[in-house]
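# A structural walkthrough
Listed here are the chains, written in short residue letters.
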Amino acid sequence: MQIEMLYSKLHRATVTDANLNYIGSITIDEELMEAAKMRVGQKVEILNINNGERFSTYVILGERYKRDICLNGAAARKVQPGDKIIIVAYASYDEKELETYEPKVVILDDKNNITDIEVCI
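Quick notes on the rules
- Starting from 1, residues in each chain are numbered consecutively following that chain's sequence as written.
- With pLDDT at 70 or above as the cut-off, local features in this predicted model cover only qualifying residues; side-chain atom pairs require 80 or more to be listed or tallied, and sums for whole chains, interfaces and linings still use all residues.
- Each side-chain value is derived from all of the structure's non-hydrogen atoms; neither hydrogens nor water enter the calculation.
- Starting at the N terminus, helices and strands are each numbered in turn, a helix being any DSSP run of H or I of at least four residues and a strand any DSSP run of E of at least two.
- With C-alpha atoms as the basis for the radius of gyration, the globule rule is written as 2.2 Å multiplied by the number of residues raised to the power 0.38.
- A 1.4 Å probe rolled over the protein chains alone gives each residue an accessible area, and that area as a share of the maximum for its type sets the label: buried under 20%, exposed over 50%, partly exposed in between.
- In what follows, residue pairs with any heavy atoms lying within 4.5 Å of each other are defined as contacts.
- Each accessible area is a Shrake-Rupley estimate made with a 1.4 Å probe; only the visible protein chains count as cover when residues are assessed.
- Here, a salt bridge means any side-chain nitrogen of Lys or Arg that lies within 4 Å of a carboxyl oxygen of Asp or Glu.
- Ring geometry is summarised as follows: Phe, Tyr and Trp rings, the Trp one being its six-membered ring, pair when their centres sit within 6.5 Å, and such pairs are stacked at plane angles under 30 degrees, edge-to-face over 60 and tilted between the two.
- Two conditions define a charge located above a ring, namely a distance within 6 Å from the ring centre to NZ of Lys or CZ of Arg, and an angle within 35 degrees of the ring normal.
- By convention a nonpolar core is built from buried Ala, Val, Leu, Ile, Met, Phe, Trp, Tyr and Cys residues, the set being connected through side-chain atoms within 4.5 Å.

## Examining the overall build of the protein
- Check the secondary structure of the protein and you find 1 helix and 9 strands.
- Over its C-alpha trace the protein gives a radius of gyration of 14 Å, about what one expects of a compact globule, namely 14 Å for 121 residues.
- Its C-alpha atoms put the protein at 45 × 30 × 25 Å along the principal axes.
- For the protein, with 121 residues in total, the buried portion stands at 44%.
- Restricting the contact set of the protein to residue pairs at least 6 apart, pairs at least 24 apart contribute 77%.
- Looking at the protein as shown, the accessible area adds up to about 6,800 Å², and 48% of this sits on carbon and sulfur atoms.

As C-alpha coordinates, then:
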(Lines give C-alpha, C1' and ligand atoms only; values in the text may rest on other atoms or scores of the structure.)
Protein backbone atom coordinates (compact mmCIF):
# COMPACT_ATOMS: atom_id res chain seq x y z
CA MET A 1 0.00 0.00 0.00
CA GLN A 2 1.22 3.52 -0.84
CA ILE A 3 0.43 6.39 1.51
CA GLU A 4 0.76 10.02 0.41
CA MET A 5 2.68 11.97 3.05
CA LEU A 6 4.41 15.30 3.54
CA TYR A 7 7.81 15.16 1.82
CA SER A 8 9.07 18.66 2.55
CA LYS A 9 7.96 22.26 2.84
CA LEU A 10 9.22 25.80 2.71
CA HIS A 11 7.52 27.42 5.70
CA ARG A 12 6.51 31.10 5.71
CA ALA A 13 8.13 32.03 2.40
CA THR A 14 7.54 35.63 1.35
CA VAL A 15 6.15 36.13 -2.16
CA THR A 16 8.57 38.41 -4.02
CA ASP A 17 6.62 38.72 -7.28
CA ALA A 18 3.44 37.66 -9.07
CA ASN A 19 3.79 37.47 -12.85
CA LEU A 20 0.44 37.02 -14.57
CA ASN A 21 1.95 37.04 -18.08
CA TYR A 22 4.04 33.90 -17.63
CA ILE A 23 3.16 30.32 -18.51
CA GLY A 24 2.47 29.28 -14.94
CA SER A 25 4.26 27.69 -12.01
CA ILE A 26 6.22 28.92 -9.01
CA THR A 27 9.79 30.15 -9.32
CA ILE A 28 11.85 29.15 -6.28
CA ASP A 29 15.45 30.14 -5.51
CA GLU A 30 17.75 27.20 -6.28
CA GLU A 31 19.27 27.10 -2.78
CA LEU A 32 15.81 26.94 -1.19
CA MET A 33 14.82 24.14 -3.57
CA GLU A 34 17.91 22.15 -2.59
CA ALA A 35 17.31 22.68 1.13
CA ALA A 36 13.75 21.32 0.77
CA LYS A 37 14.87 18.63 -1.72
CA MET A 38 12.35 19.91 -4.27
CA ARG A 39 12.86 19.30 -7.98
CA VAL A 40 12.16 21.23 -11.16
CA GLY A 41 8.72 20.24 -12.43
CA GLN A 42 7.62 18.79 -9.10
CA LYS A 43 3.99 19.33 -8.12
CA VAL A 44 3.62 21.47 -5.00
CA GLU A 45 0.70 22.85 -3.06
CA ILE A 46 0.70 26.54 -2.15
CA LEU A 47 -0.98 27.65 1.07
CA ASN A 48 -1.42 31.41 1.32
CA ILE A 49 -1.34 32.43 4.97
CA ASN A 50 -2.64 35.94 4.19
CA ASN A 51 -5.84 35.04 2.35
CA GLY A 52 -6.39 31.30 2.88
CA GLU A 53 -6.00 30.33 -0.80
CA ARG A 54 -4.80 26.78 -1.46
CA PHE A 55 -3.76 25.67 -4.94
CA SER A 56 -1.35 23.41 -6.79
CA THR A 57 1.32 24.22 -9.35
CA TYR A 58 4.79 23.01 -10.31
CA VAL A 59 8.30 24.22 -9.51
CA ILE A 60 10.64 26.07 -11.87
CA LEU A 61 14.23 26.93 -11.05
CA GLY A 62 15.01 30.38 -9.72
CA GLU A 63 18.39 32.03 -9.56
CA ARG A 64 20.51 30.88 -6.61
CA TYR A 65 20.78 33.38 -3.71
CA LYS A 66 18.27 35.79 -5.27
CA ARG A 67 15.63 34.54 -2.80
CA ASP A 68 12.81 34.75 -5.35
CA ILE A 69 9.45 33.20 -4.64
CA CYS A 70 7.37 34.19 -7.66
CA LEU A 71 3.94 32.89 -8.61
CA ASN A 72 3.41 32.83 -12.35
CA GLY A 73 0.44 32.63 -14.70
CA ALA A 74 -3.03 32.12 -13.25
CA ALA A 75 -1.56 31.50 -9.77
CA ALA A 76 -0.40 35.13 -9.75
CA ARG A 77 -4.04 36.12 -9.12
CA LYS A 78 -4.04 34.20 -5.83
CA VAL A 79 -1.14 36.06 -4.16
CA GLN A 80 0.29 39.51 -3.68
CA PRO A 81 3.98 40.35 -3.27
CA GLY A 82 4.65 40.32 0.45
CA ASP A 83 2.17 37.51 1.19
CA LYS A 84 3.40 34.70 3.42
CA ILE A 85 2.98 31.25 1.91
CA ILE A 86 3.80 27.64 2.71
CA ILE A 87 5.08 25.56 -0.22
CA VAL A 88 4.31 21.88 0.40
CA ALA A 89 5.60 18.83 -1.48
CA TYR A 90 4.13 15.37 -0.97
CA ALA A 91 5.40 11.91 -1.90
CA SER A 92 4.02 8.38 -1.81
CA TYR A 93 5.63 5.99 0.65
CA ASP A 94 5.18 2.30 1.32
CA GLU A 95 5.09 0.86 4.85
CA LYS A 96 8.81 -0.01 4.83
CA GLU A 97 9.84 3.53 3.78
CA LEU A 98 7.74 5.01 6.59
CA GLU A 99 10.01 3.28 9.14
CA THR A 100 12.67 5.92 8.34
CA TYR A 101 10.28 8.70 7.30
CA GLU A 102 11.70 12.18 8.03
CA PRO A 103 10.05 15.05 6.16
CA LYS A 104 12.02 18.31 6.00
CA VAL A 105 10.65 21.66 7.05
CA VAL A 106 12.74 24.62 5.88
CA ILE A 107 11.85 27.70 7.91
CA LEU A 108 12.40 31.07 6.27
CA ASP A 109 12.64 34.63 7.54
CA ASP A 110 10.96 37.67 5.96
CA LYS A 111 13.68 37.90 3.28
CA ASN A 112 13.49 34.17 2.40
CA ASN A 113 16.73 33.33 4.17
CA ILE A 114 16.88 29.91 5.82
CA THR A 115 16.68 30.23 9.61
CA ASP A 116 16.26 26.54 10.44
CA ILE A 117 15.76 23.11 8.91
CA GLU A 118 13.74 20.70 11.01
CA VAL A 119 12.53 17.16 10.70
CA CYS A 120 8.78 17.13 11.14
CA ILE A 121 7.40 13.90 12.56
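After that view of the structure, there is still more to cover.
## Observations concerning the pattern of salt bridges
- The tally for this structure, following the rule as stated, stands at 9 salt bridges.
- Salt-bridge contacts for Asp29 lead to Arg67; the nearest nitrogen and oxygen are separated by 3.4 Å. Here Arg67 lies in the loop between β5 (54–62) and β6 (69–72) and Asp29 lies in strand β3 (residues 25–29), a separation of 38 residues in the sequence. For the pair formed by Asp29 and Arg67, the shared burial category is buried.

## Digging into the packing of aromatic side chains
- Tallied over the full model, the rule gives 1 aromatic pair.
- Ring centres 5.2 Å apart and planes at 75° place the aromatic pair Tyr93 and Tyr101 in the edge-to-face group.
- Owing to a relative accessible area of 13%, Tyr93 belongs among the buried residues under this scheme.
- If you follow Arg64 out to its NZ or CZ, it ends over the ring of Tyr65, 5.6 Å from the centre.

## Some thoughts on the nonpolar core
- Core analysis: the biggest nonpolar cluster contains 30 residues, and Leu10, Ile26, Ile28, Leu71, Ile85 and Ile87 have the highest contact counts within it.
- Elements that contribute at least two residues to this core include exactly β1 (2–14), β3, α1 (30–35), β4 (43–48), β5, β6, β7 (84–94) and β8 (104–108).
- Of the residues forming this core, the biggest block, 6 residues, is contributed by β7.
- In contact with Leu10, other than residues within four places in its own chain, are Ile28, Leu32, Ala36, Met38, Ile85, Ile86, Ile87, Val106 and Leu108.

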